[in-house]
Amino acid sequence: MTPIVMIIATACSSSSSGPSSVPTTATPSHPSATSQLTPTTRPRGTSAAPPLGAHHTATEIGHIRLQLSTIASKLDSPVAAAARPHDTRLYVAEQHRARVVSIDLDRPTARTIVLDLRSAVTQGNEQGLLGLAFSLDGSKLFIDFTDPKGDTRIVEYTMRPDNTADPTTKRQLLLQRQPFPNHNGGQLVVGRDGMLYIALGDGGFAGDPFKNGQNLGALLGKILRIDPRPSGTSPYRVPGDNPFLHRPDARPEVWHWGLRNPWRFSFDRATNDLWIGDVGQDNYEEIDHVGAGVRGENFGWNRREGTHGYKGGQRPANAVEPVLDYPHDSGRCSVTGGYVYRGTRSPQLQGIYIFTDFCEGDLEGIDATNEDAHPANGSLHLHVDQPTSFAQDNNGELYVLSQAGTIQRIDAG
């Protein structure tokens, strides 16, 4: 049964770990929720990075306190991180410096440059090194970045015994032309089926001018699913159970469609349900949820923005409504999708999907176990300045990445 979900935290909760303003001349590189290519609305401010291991911004859920523990600081715009199987490290994508850096979670000050792509990556705005993932055996590293022309490239590298990527093994899987420098997506996930799932935004600007979201013949505005193993002259295979494999007007790589900018999505490691944080246009942000193995769903963009018609658009037939949409108020502007918590450090969060908003920065939750839609009884009240992404380690613990250069773990106090 698909769970009925309820919000368990309010977005206007207030707790902050630093000053509430930053210079307005800086440009955020999280996906814009406005129609501007260079957003002018600034998130709440950058604070001095707390010392490693510091605890701050504690709160209570029921009778158990939560806190954010700083694991790493002084990173360059970390926007994605992934755990490698059978490895205690967290591998982090630095967006503008275009490096993959590993951080040993047992010794957070021990860092290694895994891959340096500065000469191959466009920097600025929403472009750069945007995503990474590992094969199930940890032998392959997949990365998503925008090249000097601004186009999206998905590339595979083989990992060396010293836990760095071998640059001589570079193998391009996918090249997607980008008409504008925003809405690139960037999330990569290797599912438990071994397939590579790829998020691509609608191509950018505003309102999806090329109507990619509702065009099954385009890869933009979709989540794709490919088998990254080569086949003949093709760098990848299309899985035989993809939903549009035999439809002549559709790209066979498409897994889900009708998305504006699915900046971050994840699978629940317990149920394999899919959760998507899809960045909205001018008025609403949305979170989408589908059950394990569900494929071929249309989430409605650009005829819908959340549960609302976009410029008079009607809901497409059989389109999936989001489990949550929220308006641009109280400083909110751009959803940062997260994960369902399945760790052990914070047992009170079991089954809670945790997410946030880049501009507002307060952590929120949705109860993914609530089948009776009873009101929730708690609030996270944890704040992170400029949260770009979440990450999950091999034990199911959750981390929040900040454009200010920090990675913080959600812990019980």
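Reading guide: rules and limits
- Residues numbered from 1 in each chain as written.
- Predicted model: local features only at pLDDT ≥ 70, side-chain atom pairs only at ≥ 80, totals over all residues.
- Heavy atoms only, no water.
- Pairing = 2+ DSSP bridges.
- Helix = DSSP H or I, 4+ residues; strand = E, 2+ residues; numbered from the N terminus.
- Axes fitted to C-alpha atoms, helices over the stretch in contact; angles between N-to-C directions.
- Disulfide = S-S within 2.5 Å.
- Buried < 20%, exposed > 50% of the residue type's maximum accessible area, 1.4 Å probe, protein only.
- pLDDT = per-residue confidence, 0-100.
- Contact = heavy atoms within 4.5 Å.
- Salt bridge = Lys/Arg side-chain N within 4 Å of Asp/Glu carboxyl O.
- Lys, Arg positive; Asp, Glu negative; His and termini not counted.
- Phe/Tyr/Trp six-rings, centres within 6.5 Å; stacked < 30°, edge-to-face > 60°.
- Lys NZ or Arg CZ within 6 Å of the ring centre and 35° of its normal.

1. Notes on the sheet that holds strand E15 (residues 264-267)
Strands belonging to one sheet form pairs held by backbone hydrogen bonds; the direction of such a pair is parallel or antiparallel. Spatially, four strands are ordered E15-E16-E17-E20 in an open sheet, and the strand pairing comes out antiparallel. Strands at the two margins of the open sheet, each flanked by one partner only, are E15 and strand E20 (324-327). Strand-to-strand twist of the sheet, defined as the mean angle between neighbouring strand axes without regard to direction, takes the value 10 degrees. Pairing between strand E16 (residues 274-278) and strand E17 (residues 284-290): five bridges, direction antiparallel.

2. Looking at the state of the cysteines
Tallied over the entire structure, the rule returns one disulfide. For cysteine 333, the disulfide goes to cysteine 359, at an S-S distance of 1.9 Å. Classification of the bridge connecting cysteine 333 and cysteine 359 rests on its S-S torsion, roughly 55 degrees, and on that basis the disulfide is right-handed. Within this pair, whereas cysteine 333 is found in the loop between E20 and strand E21 (335-340), its partner cysteine 359 is found in the loop between strand E22 (352-357) and strand E23 (364-367), the two being separated by 26 residues in sequence. Summarising the burial analysis for this pair, cysteine 333 and cysteine 359 share the class buried.

3. Quick notes on the environment of aspartate 385
Positionally, aspartate 385 belongs in the loop between E23 and strand E24 (387-392). The sequence separation of aspartate 385 and glycine 405 amounts to 20 residues, and the corresponding C-alpha distance is 9.9 Å.

4. Brief notes about the confidence of the model for the protein
In regions of low pLDDT, the predicted coordinates are not meant to be interpreted in detail. Of the residues in the protein, 82% have a pLDDT of 70 or more, and the chain-wide mean is 85. Considering only residues more than four positions removed or in separate chains, one finds that residues 1-28, a stretch of pLDDT under 50, has 91 contacts. Ignoring residues within four places in sequence, the model shows residues 372-378, a span with pLDDT below 50, making eight contacts including any to other chains.

5. Describing the pattern of salt bridges
Applying the stated criterion to the full structure yields 22 salt bridges. Of the charged contacts, one joins arginine 160 and aspartate 166 as a salt bridge, the two residues approaching to 3.8 Å between their closest N and O atoms. Arginine 225 serves as the salt-bridge partner of aspartate 241, at 2.7 Å between the closest nitrogen and oxygen. Of this pair, aspartate 241 sits in the loop between strand E13 (222-226) and strand E14 (254-257) while arginine 225 sits in strand E13, and the two are 16 residues apart along the sequence. Where salt bridges share partners, they join Asp193, Arg225, Asp241 and Arg295 into one cluster.

6. A word on unusual backbone geometry
In this structure, the amide linkage connecting tryptophan 301 to the following residue, asparagine 302, adopts the cis form with an omega of 10 degrees. As for its position among the elements, asparagine 302 is in the loop between E17 and strand E18 (304-305). Phi is positive for histidine 183, close to 60 degrees, though the residue is something other than glycine. Mapped onto the fold, histidine 183 is located in the loop between strand E10 (165-176) and strand E11 (188-190). At lysine 311, a residue that is not glycine, the phi angle is positive and equals roughly 50 degrees. Of note, lysine 311 is situated in the loop between strand E19 (308-309) and E20.

7. Focus on the pairing of strand E25 (residues 398-402)
In terms of burial, E25 is a largely internal element, five of the five residues being buried. Residues Leu398, Val400 and Ser402 line one face of E25 and the alternating positions Tyr399 and Leu401 line the opposite face, and both faces are buried. Pairing of E24 with E25, which is carried by five bridges, proceeds in the antiparallel orientation. The partner of glutamine 392 across the bridge, within E25, is leucine 398. Connecting the antiparallel pair E24 and E25 is a turn made up of five residues, with glycine 396 showing a positive phi of about 85 degrees.

8. Focus: the side chain of aspartate 278
Considering the arrangement of structural elements, one finds aspartate 278 in strand E16. Here aspartate 278 sits buried without a salt bridge, and the closest side chain of opposite charge, arginine 260, lies 6.6 Å off (N-O distance).

9. Topic: the sheet that holds E10
Ordered by their spatial adjacency, four strands build an open sheet running E7-E8-E9-E10, and the pairing between neighbours is antiparallel. At either end of the open sheet lies a strand with only one pairing partner, and these are strand E7 (129-134) and E10. Across this sheet, the average inter-strand angle for adjacent strands is 25 degrees, counted without regard to direction. In terms of strand pairing, strand E9 (residues 152-159) meets E10 through seven bridges, oriented antiparallel. Counted as the bridge partner of glutamate 156 is arginine 171 from E10.

10. Focus: the packing of aromatic side chains
Enumeration over the complete set of coordinates arrives at 10 aromatic pairs. Ring geometry for tyrosine 197 versus tryptophan 255: centroids 5.9 Å apart, planes at 80 degrees, classification edge-to-face. Taken together, the positions of tyrosine 197 in strand E12 (residues 196-200) and tryptophan 255 in strand E14 put the pair 58 residues apart, joining distant regions of the chain. The same class applies to tyrosine 197 as to tryptophan 255, namely buried. Their ring planes at 90 degrees and their centres at 6.4 Å tell us that phenylalanine 265 and phenylalanine 267 sit as a pair that is edge-to-face. Judged on exposure class, the residue phenylalanine 265 and its partner phenylalanine 267 are both buried. Following the ring pairs from residue to residue traces out a cluster consisting of Tyr197, Trp255, Phe265 and Phe267. One residue, arginine 260, lies across the ring of tryptophan 301, its end atom 5.7 Å from the ring centre. Lying across the ring of tryptophan 263, arginine 264 places its NZ or CZ 3.9 Å from the centre.

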